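Letter by letter, the chains look like this.
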Amino acid sequence: MSHFSAVGAAPPIEVYQLSRDCQADTHSQKINLGVGAYRTPEGKPWILPVVKKAEAQLAKDIDAETINHEYLPVLGLDSFTSAATAMLLGKDSPALKEERAFGIQALSGTGALRNGAEFLVQQLKKTVFYFSDPTWGNHGLVFKNAGFTDARTYRYWDKSTCGFNFEGLIEDLQNAPEGAVIILHACAHNPTGIDPSQEQWGKIADVMQEKKLFPFFDCAYQGFASGDLDQDAWAVRFFVERGFELFCSQSFSKNFGLYNERAGNLTVVVKDKSLIENMKSQITLIVRAMYSNPPAHGSRIVDLVLKDEQLYTEWRGSIKIMSSRIIEMRHGLRERLEKLNTPGQWNHITEQIGMFSFTGLTPEMCQFLLKEKHVYLLKNGRISMCGVTPSNLDYLA
Amino acid sequence: MATCWSKMNKSSSILKRSSLLGQSIPWQPIKMGAPLSARASSWWSGVEMGPPDPILGVSEAFKKDTNPLKMNLGVGAYRDDQGKPFVLPSVREAERIIAQKGLNKEYAPIGGEPEFGRLSANLAFGQGNEIVSSGRNVSVQTISGTGALRVGATYLAKWFPGNKTVYLPRPSWGNHTPIFKQSGMNVDGYRYYDPTTCGFDFNGAMEDISRIPEKSVIMLHACAHNPTGVDPKDEQWKEMSQLVKKRNLFAFFDMAYQGFASGDVDRDAFAVRQFLEDGHNICLSQSYAKNMGLYGERVGAFTVVCKDKEEAARVNSQIKILIRPMYSNPPVNGSRIVSEILTNTALNKQWLEDVKGMADRIITMRQELKDGLANEGSSKNWEHIVDQIGMFCFTGMTPEQVEKITTEFSVYMTKDGRISVAGISSSNVGYLAKAMHAVTK
């Protein structure tokens, strides 16, 4: 007799299953456009040079016994969280100057979202949250597992135009109950690649201020989207200037290529700095009951790079390389599609930004690509531009 | 007023957005004037100060103390005989080897690398064990021991078909309760520590266990009980195993000190292996924080022993569904070190020596402390210091005596009289004996 006879098999998680299927495929021209991880023009993973240098330095430091493998504080490496928060908000941010912003080291972006969501449920008794339709596949689950009970969507992607349904978004936010938590993508919206313009962000802020909605930004691509850290942080900084209190989850998986080291930060901006100690003490309890304290390695790498002028400059160069390659592939794909007189409009491919492109392909078309052409993409039509290389561009188009 | 704002509006972009790029947006700077109204309009006004962590509190007070003879016997992290953190030679060597391999930073699978899970299960259950060879275990990488417990607790809260209450030994590691509660499980207890003997209350435990409602979860510390250092004897474990079976309870083992307790990884896994032999399909949380000194790398494993391979597949799929919304996939720096050590014969041998070295030093300190107290002329029975095992020792000191030893001798420990033996060295054990004698005589 087993305790677990009634445990049903869970459906496989699409994006991981896709990778497994692609790996098993022996077709010579197969293309994996599933998971969002950067690839070089040769289609290989890329360890950033600054990461290699940082790791070499850390190895020396361990030998010299200036660092070791001891526990980090519960809320993380202080130097790392300050640097990460400053990178997001800008060194000259009024929130930083007024000491009303802080960071909590987290298990990459997912962990930061989870920490923040748990806090909102436990301390503010939040129940309602909104995410864009569509959004990253894990947003809903993170918030539900954290205890949110009412999951709602706001319109975002307009199928008919392969564009932004801004009016729908505004309407849905107008109808949101007071205090609802709204998940916003800081830049490079996943999966559509469509970001609001500055003016549109202004209107979003207006509605959120009027309806007293709480902004929870997800910033997984700072630097990776446009190639410029400040530009990609524009929306978050704008909301800070507008006087919002907000959370923002930051991931260093993409912009540092540190996917498996789980380096992340939850930035918190408040109005009243006297409340910060209380908040930290409560977040401490949440962290303690989940994983006690965060993994050191990834945060040490980021910390080292952000604090060293030379490495920091070099890193900004690497981000530019990654984002430029993606932009190049976007142009390449669109050109070829248009040259082939492919039916439909393809300008969205270059107008979208970041790692992903919502092609507008239907599930049936995606199935066709998968089965007949060995092109692996999510059934919602999302492709990872990282999987596109000069050598497979023609085949893909 | 120039701010980062003005720069951003002027920056050019090579990308087209839907419309109106680069147009400056009129904005109002925040007026920081009336704190009261700021507080009133803040989301966080109702957030109260959480209770301070007793152990961290000890460390913080210790840091502030200027007494050169001060001792920190609070946090459970191993220290060498010079009182310094210890990076294991086997770990250092593993790191060098891994650096040569030029491995990438791609996402690990949700449950970590299968090999890591397999190696961890083999370490716990014994090389060549039937469970791993038949594939009926689910073993996932977790964020150290805490993460393993949290994944386990969350899994049980959702899928355990019986009474969703976990029975912890009294006392237990302070963090067990919040982990289980926040996961949605109820928490209760069974007698464990006998303050009159500073030893194991076997009869009390058996009595309480026999009254635990059937189909409940019982938590067992595999070895080196935290915080007491008191472990059941082999014969007692056997009896407990039979009783747990009779009561139809689900055994959840927490093994955070395998190898670290006696110095022998197989010896320390005795209880776990006995229960398996007796047919319990347990679940297990493992930590590599102490036995490999990988504290801050957060390496651990959670295992569910299932009926068969088919059940394991189903359980595995559900566990992944719980991990993804927590942190998606685990950090690999530490797990790569563990895998390297456990697969590399020479390194594995080195590691077993390293961990025995740590355990031996602790056992030596226990003996020296007991001898030191005798030398001071203490008439009390300090046998429990050497009877207890692992990093911690429940001295039996009262809160008043603890207060005294801290204020008069700058010896820092938790109020329950628990000391971390790892914090004792040959140079200060004499001082500690003197201090303990002074407050307890």
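Because the structure is predicted, anything quoted here is derived from the model rather than measured.

Visitor: Looking at this structure, how should I read the overall build of chain A?
Guide: Assigned secondary structure in chain A consists of 16 helices and 13 strands. Here the C-alpha atoms of chain A give a radius of gyration of 21 Å, agreeing with the 21 Å that 2.2 N^0.38 yields for 397 residues. Overall, the C-alpha framework of chain A stretches about 60 × 60 × 55 Å when taken along its three principal axes. Evaluated residue by residue, chain A yields a buried proportion of 65% over its 397 residues. Look at the contacts in chain A between residues 6 or more apart in sequence, and 74% of them connect residues 24 or more apart. Working note: accessible area of chain A is about 14,400 Å², and carbon and sulfur atoms make up 51% of it.

Visitor: Help me understand the sheet that holds strand β7 (residues 181–185) of chain A, please; the structure alone is not making it clear to me.
Guide: Consider a sheet: its strands pair through backbone hydrogen bonds, and that pairing is either parallel or antiparallel. Residue and element names in this part refer to chain A. Sheet architecture is open: 7 strands sit in the order β2-β10-β9-β8-β7-β3-β4, paired in mixed fashion. Looking at strand neighbours, the two that pair on one side only are β2 (101–107) and β4 (150–155), the edges of this open sheet. Direction aside, neighbouring strands of the sheet carry axes that sit 25 degrees apart on average. For strand β9 (residues 246–251) and strand β10 (residues 263–269), the ladder comprises 6 bridges, and the chain directions are antiparallel. By the bridge assignment for β10, S251 is matched with G264. In the packing of helix α3 (residues 78–89) onto the sheet, the strands contacted are β2, β8 (214–219), β9 and β10, and the crossing angle to β10 comes to about 65 degrees. Helix α5 (residues 108–124) contacts β2, β7, β8, β9 and β10 of the sheet and is inclined by roughly 160 degrees relative to β9.

Visitor: Sorry if this is basic, but what is going on with the nonpolar core here?
Guide: One broad rule of soluble globular proteins: the nonpolar side chains tend to lie buried together. Ranked by internal contacts, the top residues of the largest apolar core, which has 81 residues, are F143(A), W44(B), V304(B) and I319(B). Residues from two domains meet in this core; each of domain 1 (14–47 + 323–395) and domain 2 (78–307) of chain A gives at least three. Dropping the residues within four chain positions of it, W44(B) is found in contact with F119(A), L120(A), L124(A), F214(A), E245(A), F247(A), V269(A), V270(A), L275(A) and M279(A).

Visitor: Would you mind showing me how to read the UniProt feature "domain: Aminotransferase class I/classII large" (unreviewed entry) in chain A here?
Guide: Under the local residue numbering, the UniProt record ascribes the feature "domain: Aminotransferase class I/classII large" (unreviewed entry) to residues 29–397 of chain A. Helix makes up 45% of residues 29–397 of chain A and strand 15%, with an end-to-end C-alpha separation of 13 Å.

Visitor: Help me out: how do you make sense of the interface of chain B and chain A in this one?
Guide: Size of an interface, as often reported, equals the accessible area lost when the parts are brought together. Facing the 97 residues of chain B at the interface are 105 residues of chain A. Together chain B and chain A conceal approximately 9,000 Å² of surface at their shared face, both sides included; 57% is due to carbon and sulfur atoms. The largest per-residue losses of area from chain B upon contact with chain A belong to W43(B), W44(B) and K105(B), which jointly make up 11% of the total buried on that side. In this structure, R150(B) engages E118(A) in a salt bridge whose closest nitrogen and oxygen atoms are separated by 3.8 Å. The tally of links between chain B and chain A comes to 39 residue pairs in polar contact (both at pLDDT 80 or more). If you tally residues by element for the side of chain B that touches chain A, the top one is helix α13 (residues 309–327) of chain B, at 12 residues.

Visitor: How should I be thinking about the environment of L258(A) in this particular structure?
Guide: With respect to the element layout, L258(A) can be found in the loop between β9 and β10. The class of L258(A) is buried, set by a relative accessible area of 0%. Sequence separation of L258(A) and G298(A) is 40 residues, and the distance between their C-alpha atoms is 6.8 Å. With sequence-adjacent residues up to four places away left out, L258(A) is seen in contact with V51(A), F252(A), S253(A), G298(A), I301(A), V302(A) and K105(B).

Visitor: Is there a simple way to think about empty space enclosed by the protein in this case?
Guide: Residues and elements named next belong to chain A. Evaluated as defined, the whole model comprises 3 cavities of 30 Å³ or more. Of the volumes computed, that of the second largest cavity is approximately 40 Å³. If you go around the second largest cavity, the residues you meet are Y154, Y156, L169, L184, H185, H189, P196, W201 and I204. Counting residues per element, the ones that place at least two in the lining of the second largest cavity are β7 and α8 (198–210). Grouping the constituent residues of the lining of the second largest cavity by class yields 7 nonpolar, 2 polar and no charged.

Visitor: Please clarify how helix α12 (residues 270–277) of chain B should be interpreted in this entry.
Guide: Quick reminder: α-helices carry 3.6 residues per turn. Residues three or four places apart thus point the same way. Residues and elements named next belong to chain B. Burial of α12 is extensive: 6 of the 8 residues sit out of reach of the surface. Those residues of α12 that sit buried are A271, V272, R273, Q274, F275 and L276. Within two residues after α12, G279 carries a phi angle of roughly 95 degrees, on the positive side.

Visitor: Hey, could you run me through the domain arrangement of chain A in this one?
Guide: All names here are of chain A. Under the domain assignment, chain A is made up of domain 1 (14–47 + 323–395) and domain 2 (78–307). Broken down residue by residue, the surface that domain 1 buries against domain 2 is led by S323, I353 and F358, which jointly contribute 40%. On the surface where domain 1 and domain 2 come into contact, there are 4 residue pairs in polar contact (both at pLDDT 80 or more). A per-class count over the side of domain 1 that touches domain 2 returns 8 nonpolar, 9 polar and 2 charged.

Visitor: Where do I start with the pairing of β10(A) in this structure?
Guide: For a regular strand, side-chain orientation follows a simple rule: the groups alternate between the two sheet faces. All names here are of chain A. Here β10 lies mainly inside the structure; 7 of its 7 residues are buried. Both faces of β10 are covered, namely the face carrying A263, N265, T267 and V269 and the face carrying G264, L266 and V268. Bridge analysis of β2 against β10 gives 7 bridges, and the strand direction is antiparallel. Residue pairing for β10: G103 is matched across the bridge by T267.

Visitor: Whenever I open this one, the sheet that holds strand β8 (residues 250–255) of chain B confuses me. Can you help?
Guide: Residues and elements named next belong to chain B. Spatially, β2-β10-β9-β8-β7-β3-β4 is the arrangement adopted by the 7 strands of the open sheet, whose pairing is mixed. Only two strands of the sheet have a single neighbouring strand rather than two, namely β2 (137–143) and β4 (186–191). In this sheet, adjacent strand axes meet at a mean angle of 25 degrees when their direction is disregarded. Of the pairings in the sheet, the one linking β8 to strand β9 (residues 283–287) comprises 4 bridges and is parallel in character. Residue F252 lies in a different strand from β9, and its bridge partner there is C283. Against the sheet, helix α5 (residues 114–125) makes contact with β2, β8, β9 and β10 (299–305), and its axis sits at roughly 75 degrees relative to β10, the strand it touches most.

Visitor: Even after reading the chapter, I still don't get the packing of aromatic side chains, so can you show me in this structure?
Guide: Where two aromatic rings form a pair, the distance of their centres and the angle of their planes describe that pair. Across all of its chains, the model carries 47 aromatic pairs over all chains by this definition. Arranged with centres 5.5 Å apart and planes meeting at 65 degrees, the rings of F143(A) and F216(A) form a pair that is edge-to-face. Of the two residues, F143(A) is situated in helix α6 (residues 139–146) and F216(A) in strand β8; the sequence distance between them amounts to 73 residues. Considered together, F143(A) and F216(A) belong to a single accessibility category, that of buried residues. Measuring from ring centre to ring centre gives 6.4 Å for Y221(A) and F356(A), while their planes differ by 90 degrees; the resulting arrangement is edge-to-face. On the criterion of sequence distance, the pair formed by Y221(A) in the loop between β8 and α9 (229–232) and F356(A) in strand β11 (residues 356–358) is long-range, its members being 135 residues apart. No difference in accessibility class separates Y221(A) from F356(A), as the two residues are buried. A cation over an aromatic ring shows up here: R418(B) above the ring of F392(B), its NZ or CZ 3.7 Å from the ring centre.

Visitor: Explain the environment of S426(B) here, please?
Guide: All names here are of chain B. Looking at the element boundaries, S426 is found in the loop between β13 (418–420) and α18 (429–440). Overall, S426 belongs to the partly exposed group, its relative accessible area being 40%. Spatially, the C-alpha atoms of S426 and G83 are 9.5 Å apart, while their sequence positions differ by 343 residues. Setting aside residues no more than four positions away along its own chain, S426 makes contact with D81, M365 and E368. For S426, the side chain forms a polar contact with the side chain of D81, separated by 2.4 Å.

Definitions and cut-offs
- Residues numbered from 1 in each chain as written.
- Chains lettered and ligands numbered in written order.
- Predicted model: local features only at pLDDT ≥ 70, side-chain atom pairs only at ≥ 80, totals over all residues.
- Heavy atoms only, no water.
- Helix = DSSP H or I, 4+ residues; strand = E, 2+ residues; numbered from the N terminus.
- Rg over C-alpha atoms; globule rule 2.2 N^0.38 Å.
- Buried < 20%, exposed > 50% of the residue type's maximum accessible area, 1.4 Å probe, protein only.
- Contact = heavy atoms within 4.5 Å.
- Areas by Shrake-Rupley, 256 points an atom, 1.4 Å probe, with all protein chains shown as cover.
- Pairing = 2+ DSSP bridges.
- Axes fitted to C-alpha atoms, helices over the stretch in contact; angles between N-to-C directions.
- Core = buried A, V, L, I, M, F, W, Y, C linked by side-chain atoms within 4.5 Å.
- Domains from an automatic or database assignment.
- UniProt positions renumbered as here; feature names shortened; annotations may be inferred.
- Buried area = accessible area lost by both parts, 1.4 Å probe.
- Salt bridge = Lys/Arg side-chain N within 4 Å of Asp/Glu carboxyl O.
- Polar contact = N/O pair within 3.5 Å; in protein donor to acceptor, adjacent residues only side chain to side chain.
- 1 Å grid on protein atoms, 1.4 Å probe; cavity = no way out; pocket = protein on both sides within 12 Å on 5 of 7 lines; lining within 4 Å.
- Points joined across faces, edges and corners; volume = space filled by probe spheres on them.
- Nonpolar A, V, L, I, M, F, W, Y, C, P; charged D, E, K, R; others polar.
- Phe/Tyr/Trp six-rings, centres within 6.5 Å; stacked < 30°, edge-to-face > 60°.
- Lys NZ or Arg CZ within 6 Å of the ring centre and 35° of its normal.

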